[in-house]
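Structural characterization, general
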Amino acid sequence: MKEKVLLIIPAYNEEENILRVCKEVEEKNPKIDYVVINDGSKDNTLNVLRENNLNHINLIHNLGIGGAVQTGYKYALENDYDIAIQYDGDGQHDVQYVDTICKPIIKKEADFCIGSRYLDENTSEFKSTFMRRLGKNIISFIIKLFWHKKITDPTSGFRAGNRKVIEEFASDYPSDYPEPESTATLLKLGYKVTEKPVNMRERVAGKSFVTIGTSTLYMIKVSLAIIVDSIFRGKNKKK
Amino acid sequence: MSLTLRIALIVITLIYMFLILKSIRNKKISVSFSIFWLITGVALIICVLVPQMIEWISNKLGFATPSNMIFCITIFMAFYLIFNLTIILSKENQKSKLLVQEVSLLKKKVENLEEKINESKKS
């Protein structure tokens, strides 16, 4: 790979995971750079990052996952990276699959590649609950309905984008639960989006973002965002 | 409306408008926001001075009683105001997000530069 690749690793209260995640990246895939975005963690994350000299940006105030990831895209833009990959700071993602999701972009087959847990059931050891599947299916259905593209894992946080996508996301990225909405935006603007099967693990330590209570609200917000976006699709077309 | 009630209402409204003007002077509220509140004050005084006008309008519009009309107008205005505030709030959110991001990126750059300078000093 001659492309400059950046892993964007958003971290909020990940003191138990972040060092292990970064070391894994350094060991298994030393050619790629990473930047940890510390999203105003209340625990010891910042100290862990400083002491171990891990490349990081410290947000001066908590922004939520969307704002944190967008900061990563801005960093990628400023430092002229060719490919930016979103990568969770909690150890769910497997760094071996970075090359897998980069491949379609390097070959210029796609602008954006999502690492999917559901594309090939055998690859993934990720255990999915009924509710999770239901939610995922509803979002997939809505995206299919409006943008005629089947996305098997719209909530995946393991995604790679090329230079054009980096520019797009650096200037505009949704804030609360951004994965499905940003995918829909890319489809709307005519970017080529593809998926590759990846393995995801269950979280090793720490607490997950999404709980049962918030997931219903999540569904409503995501659906609304995608639907509103497509109803007014003519109005905010990009240059 | 009894004379005492009228006088009381006018005094209260005048105090209300005085407070608005004072907060403009103290720069607690921008002039553009205060216009809305000043207009409500003026409208209140007019209502107190010529209550017949309110009765006439509410009759023409078909409200059962003038107070119904007053409540209706007040509620609509309150909704409009709250909606406007949520728009402003969202805009401010966008701005502060941008600021946090840019400042954090700048801090990162400064740190990197400092490191480089320190390294070159050593060597």
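By convention here, each chain's residues receive numbers from 1 onward along its written sequence. Chains carry letters and ligands carry numbers; both start at the beginning, A for chains and 1 for ligands, and go up in the order they are written. Since the coordinates come from a predicted model, pLDDT governs what is reported: local features require at least 70, and pairs of side-chain atoms require 80 or more to be given and counted, while whole-chain, interface and lining totals use all residues. Water and hydrogen atoms play no part in the side-chain values, which are based on all heavy atoms of the structure.

1. Concerning the overall build of chain B
Keep this limit in mind: Only DSSP runs of H or I reaching four residues or more are called helices, and only runs of E reaching two or more are called strands; each is numbered from the N terminus. When we talk radius of gyration, it's over C-alpha atoms, and the globule rule is simply 2.2 Å times the number of residues to the 0.38. The classification of residues rests on relative accessible area computed with a 1.4 Å probe and restricted to protein chains. Under 20% of the type maximum is buried, over 50% is exposed, and intermediate values are partly exposed. Two residues qualify as a contact provided that any one of their heavy atoms is within 4.5 Å of a heavy atom in the partner residue. The protein chains shown are the only cover counted for residues, whose accessible areas, like all others here, come from Shrake-Rupley with a 1.4 Å probe. For the purpose of counting charges, residues Lys and Arg are taken to be positive, whereas Asp and Glu are taken to be negative. His and the chain ends are not included. Note on charges: their place is set at NZ of Lys, CZ of Arg, CG of Asp or CD of Glu.
Within chain B, the regular secondary structure consists of 4 helices and 0 strands. Along chain B, helices and strands appear, N-terminal first, in the series α-α-α-α. Taken over the C-alpha trace, chain B has a radius of gyration of 26 Å; the compact-globule value for 123 residues is 14 Å, which it surpasses by more than 25%. Among the 123 residues that make up chain B, the fraction classed as buried is 15%. Within chain B, residue pairs in contact and separated by at least 24 positions form 46% of the contacts whose partners lie at least 6 positions apart. In the structure as shown, chain B presents an accessible area of about 9700 Å², 73% of it carried by carbon and sulfur atoms. Once the 15 positive and 7 negative side-chain charges of chain B are each reduced to a mean point, those two points are 11 Å apart.

2. Overview of the overall build of chain A
Counting its secondary structure elements, chain A contains 8 helices and 7 strands. Here chain A holds 239 residues, and 54% of them are scored as buried. Expressed as a percentage of contacts within chain A between residues at least 6 apart in sequence, the contacts between residues at least 24 apart total 77%. With the model as given, the accessible surface of chain A reaches about 11300 Å², and the carbon-plus-sulfur share is 53%.

3. Concerning the interface of chain B and chain A
Defined as follows: In short, buried area is how much 1.4 Å probe accessible area vanishes from two parts on joining, totalled over both. Here a salt bridge means any side-chain nitrogen of Lys or Arg lying within 4 Å of a carboxyl oxygen belonging to Asp or Glu. Nitrogen and oxygen atoms within 3.5 Å of one another constitute a polar contact, given that in protein one can donate a hydrogen and the other can accept it, and given that sequence-neighbouring residues count only through two side-chain atoms. Gly falls in the polar group here, along with every residue not listed as nonpolar (Ala, Val, Leu, Ile, Met, Phe, Trp, Tyr, Cys, Pro) or charged (Asp, Glu, Lys, Arg).
Chain B puts 11 residues into the contact, and the matching count from chain A is 15 residues. Counting each side, the surface lost to burial between chain B and chain A is near 1300 Å², with a carbon and sulfur contribution of 58%. It is B:Gln101, B:Leu105 and B:Lys108 in chain B that bury the most area against chain A; as a group they hold 43% of the surface buried on that side. In this assembly, chain B and chain A are joined by 2 salt bridges. Taking the shortest distance from any N to any O, the salt bridge between B:Lys109 and A:Glu78 comes out at 3.9 Å. Remark: the boundary between chain B and chain A carries 10 residue pairs in polar contact (both at pLDDT 80 or more). A class-by-class count of the residues in the side of chain B that touches chain A yields 4 nonpolar, 2 polar and 5 charged.

4. Considering the nonpolar core
All names here are of chain A. For the record, the criterion: What makes a nonpolar core is a set of buried Ala, Val, Leu, Ile, Met, Phe, Trp, Tyr and Cys residues whose side-chain atoms join them at distances within 4.5 Å.
Of all hydrophobic cores here, the largest spans 39 residues; its most connected members are Tyr-73, Phe-112 and Ile-226. Per-element accounting of this core gives the leading share, 6 residues, to helix H3 (residues 64-78). Contact partners of Tyr-73, with chain neighbours within four places excluded, come to Ile-8, Ala-84, Gln-86, Phe-112, Ile-166, Phe-169, Ala-170 and Tyr-173. Within the second largest apolar cluster, 28 residues are counted, among which are Ile-9, Cys-22, Val-198 and Met-200.

5. As for helix H3 (residues 51-61) of chain B
All names here are of chain B. So the rule is basically this: The arc in question is traced by the directions running from the helix axis to the C-beta atoms.
Every buried residue belonging to H3 is among Pro-51, Ile-54 and Ser-58, and all of these are buried. Along H3, the residues classed as buried sweep out an arc of 55° about the axis, all on the same side. When the buried face of H3 is taken as reference, the exposed residues oriented beyond 90 degrees from it are Gln-52, Trp-56, Asn-59 and Lys-60. Where H3 is buried, its residues contact helix H1 (3-25), helix H2 (31-49) and helix H4 (66-122). Two residues or fewer after H3 comes Gly-62, characterised by a positive phi angle close to 90°.

6. A word on the sheet that holds strand S3 (residues 56-58) of chain A
All names here are of chain A. Our working rule: At least two bridges found by DSSP between two strands is the condition for calling them paired. An axis is simply a line fitted to the C-alpha atoms; with a helix, the fit covers only the stretch in contact. Between two such axes, the angle follows the N-to-C directions and lies from 0 to 180 degrees.
Strand order in the open sheet made by the 7 strands is S3-S2-S1-S4-S6-S5-S7, with mixed pairing throughout. With one partner strand each, in any of the chains shown, S3 and strand S7 (193-197) form the two edges of the open sheet. Recorded for the sheet is a direction-independent mean angle of 20° between the axes of neighbouring strands.

7. A look at a negative patch on the surface
Basically, it comes down to this: Here a patch means residues that are over 30% exposed by relative accessible area and free of salt bridges, tied together within 9 Å if like-charged and within 5 Å if nonpolar (Val, Leu, Ile, Met, Phe, Trp, Tyr).
Taken together, the side chains of B:Glu111, B:Glu114, B:Glu115 and B:Glu119 make up a negatively charged region of the molecular surface. According to the relative accessible area criterion, B:Glu115 is partly exposed, its value standing at 45%.

8. Topic: the domain arrangement of chain B
Going by this rule: For the purposes of this description, domain bounds are those given by an automatic or database domain assignment.
By the assigned domains, chain B splits into domain 1 (1-49) and domain 2 (64-123). Computed over C-alpha atoms only, the centres of domain 1 of chain B and domain 2 of chain B are separated by 30 Å.

9. Some remarks on the packing of aromatic side chains
Which entries qualify depends on this criterion: For Phe, Tyr and Trp, where Trp contributes only its six-membered ring, two rings pair if their centres lie within 6.5 Å, and the inter-plane angle classes them as stacked under 30 degrees, edge-to-face over 60, or tilted in between. Two thresholds decide whether a charge sits over a ring: the Lys NZ or Arg CZ must be within 6 Å of the ring centre and within 35 degrees of the ring normal.
All chains considered together, the criterion is met by 6 aromatic pairs over all chains. Ring geometry for A:Tyr73 and A:Tyr173: centres 5.9 Å apart, planes at 45°, overall tilted. Of this pair, A:Tyr73 sits in helix H3 while A:Tyr173 sits in the loop between helix H6 (163-171) and helix H7 (178-188), and the two are 100 residues apart along the sequence. For the pair formed by A:Tyr73 and A:Tyr173, the shared burial category is buried. Centroid distance B:Phe36 to B:Trp37: 5.0 Å. Interplanar angle 90°. Geometry classified as edge-to-face. For B:Phe36, a relative accessible area of 22% gives the class partly exposed. A cation over a ring is seen here: A:Lys4 above A:Tyr81, with NZ or CZ 4.7 Å from the ring centre.

10. A word on the packing of helix H5 (residues 130-147) of chain A against H7(A)
Residue and element names in this part refer to chain A. The test is simple: Each angle receives one of four descriptions, namely roughly parallel if under 35 degrees, roughly antiparallel if over 145, roughly perpendicular if within 65 to 115, and oblique otherwise. Less than a right angle of anticlockwise turn of the near helix away from the far helix marks a crossing as left-handed, whereas a clockwise turn marks it as right-handed.
With their axes 11 Å apart at the nearest point, H5 and H7 run at an angle of 15° to one another. Of the possible angle classes, the one that applies to H5 and H7 is roughly parallel. Seen along the crossing, H5 lies across H7 with a hand that is right-handed. Facing H5, whose interface residues are Ile-139, Ile-143 and Trp-147, H7 presents Pro-180, Ala-184, Leu-187 and Lys-188. Grouping the constituent residues of the contact of H5 with H7 by class yields 6 nonpolar, no polar and 1 charged.

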